[in-house]
Amino acid sequence: MDDRMDDVDWSQLFHAEGRASDTPRRLAALLGDDADAFVDGYTHLWSTTLRREGKAWPATAPTALLVAELLDNPLLGPDDPSMPDAMLAYLYRVGVAGDLGERAPEIRARAAARAAELRAWTDAYLAAEADARTRMWRDGTGRGELVLDRAALACFDLVPTLLRPTLPHLASERVQRRTCAAAAVGSLAGHPSVSAQRPALLDRLTSMAQAADSSYEVATLMIAIGRLGGDTRPWLTDPHTGVRVCAALAPGLTGDDTGEWVRRELAGSPSAFGESFGDMAPPLQFQSKPYQDLLMSAAGR
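Attention in this report is confined to the structure presented alongside it.

Here is what the cut-offs are and how they apply
- Residues numbered from 1 in each chain as written.
- Predicted model: local features only at pLDDT ≥ 70, side-chain atom pairs only at ≥ 80, totals over all residues.
- Heavy atoms only, no water.
- Helix = DSSP H or I, 4+ residues; strand = E, 2+ residues; numbered from the N terminus.
- Expected span 1.5 Å × (residues − 1).
- Buried < 20%, exposed > 50% of the residue type's maximum accessible area, 1.4 Å probe, protein only.
- Contact = heavy atoms within 4.5 Å.
- Phe/Tyr/Trp six-rings, centres within 6.5 Å; stacked < 30°, edge-to-face > 60°.
- Lys NZ or Arg CZ within 6 Å of the ring centre and 35° of its normal.
- Axes fitted to C-alpha atoms, helices over the stretch in contact; angles between N-to-C directions.
- Left-handed = near helix turned anticlockwise from the far one by under 90°.

This next bit is on helix 10 (residues 175–188). Helix length check: helix 10 (14 residues) gives 20 Å between terminal C-alpha atoms against 20 Å at 1.5 Å per residue, within 8%. Burial runs high along helix 10: 12 of the 14 residues are buried. Among the residues making up helix 10, those that are buried are Arg177, Arg178, Thr179, Cys180, Ala181, Ala182, Ala183, Ala184, Val185, Gly186, Ser187 and Leu188. Buried-residue contacts for helix 10 involve helix 5 (83–97), helix 9 (143–166), helix 11 (198–211) and helix 12 (215–227).

Laid out in structure tokens, this is it:
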């Protein structure tokens, strides 16, 4: 892990609080015995190195490389089996941040053409006080937005590297671990370079859903299968509401009569959500935007 930290010039990157020079030290605390430093490092990971709504800071991609190494490190929370789950959930978020679809070549070309401008803007941003940094996002040049697009591109380029350490955890004996791994695979395996692997991964995720006893696990698997273009129709009649919703909201069912019927049924039955979801719903960090919108609508918010 130390070598990976040394490979990156963190002083030239920024996160939610400014220059990212503090990130390696704070993440290293996740492997230590200092409880206060551990809490600080964990909070920093989730609240500072990621943007809201599944987007990236320039520090996000290199942070994800460190997280991938933490994932299987025996010093990571040896008495807390949920810590690797949290690392998988982080990799899921990075996969979402790097899900650029067909935009990657266009962002790459624009960033290359304006590289000098982006470097100058970043240097000025790193040197500025907090109030000035806030104003820089509204300077009308579009450079800040392109810096963030380039951060998403860095996540996109990293996705195949992050997928490899994720896959073994699909075979975990722990339901939570398998669920987090499946969610991460769902966000990472959409990368174009993984297209040859995708049919086998979809077969595996589908088999996991067929064998799962937990509706929590199945609901999250439905989101992962849907993201990768798999067939979720066999679960549209599942007895559990959360599973049916996640199956119905698969992008491939858009316009499908059965999927639309289920969406209308659930949207018109708010009580079904309150009575049936509970722990059947996938964890918040794995919920798709359509899923969250429908849940809020059904709850009358």
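That shown, we press on.
The subject of this paragraph is the packing of aromatic side chains. Evaluation of the coordinates by the stated rule reveals 9 aromatic pairs. Arranged with centres 6.4 Å apart and planes meeting at 50°, the rings of Phe14 and Trp121 form a pair that is tilted. Residue Phe14 is located in strand 1 (residues 14–15), and its partner Trp121 is located in helix 7 (residues 115–127); the two are separated by 107 residues in the primary sequence. Classification of Phe14 as buried rests on a relative accessible area of 0%. Here Trp121 falls in the buried class, since its relative accessible area comes to 2%. Considering the side-chain rings of Trp121 and Trp137, the 5.1 Å spacing of their centres and the 55° angle between planes classify their relative orientation as tilted. Highlighted residues: Trp121 in helix 7 and Trp137 in the loop between helix 8 (130–136) and helix 9, separated in sequence by 16 residues. Site record: aromatic cluster; members linked through ring pairs are Phe14, Trp57, Trp121, Tyr125 and Trp137. Against the face of Tyr125 rests Arg133, its NZ or CZ located 5.7 Å from the ring centre.

Okay, the packing of helix 10 against helix 11 next. Following both chains from N to C, one finds helix 10 and helix 11 inclined at 150°, their axes separated by 12 Å at the closest point. For the pair helix 10 and helix 11, the crossing hand works out as left-handed. Here helix 10 contributes Arg178, Ala182 and Val185 to the contact with helix 11, which in turn contributes Leu201, Leu205 and Met208.

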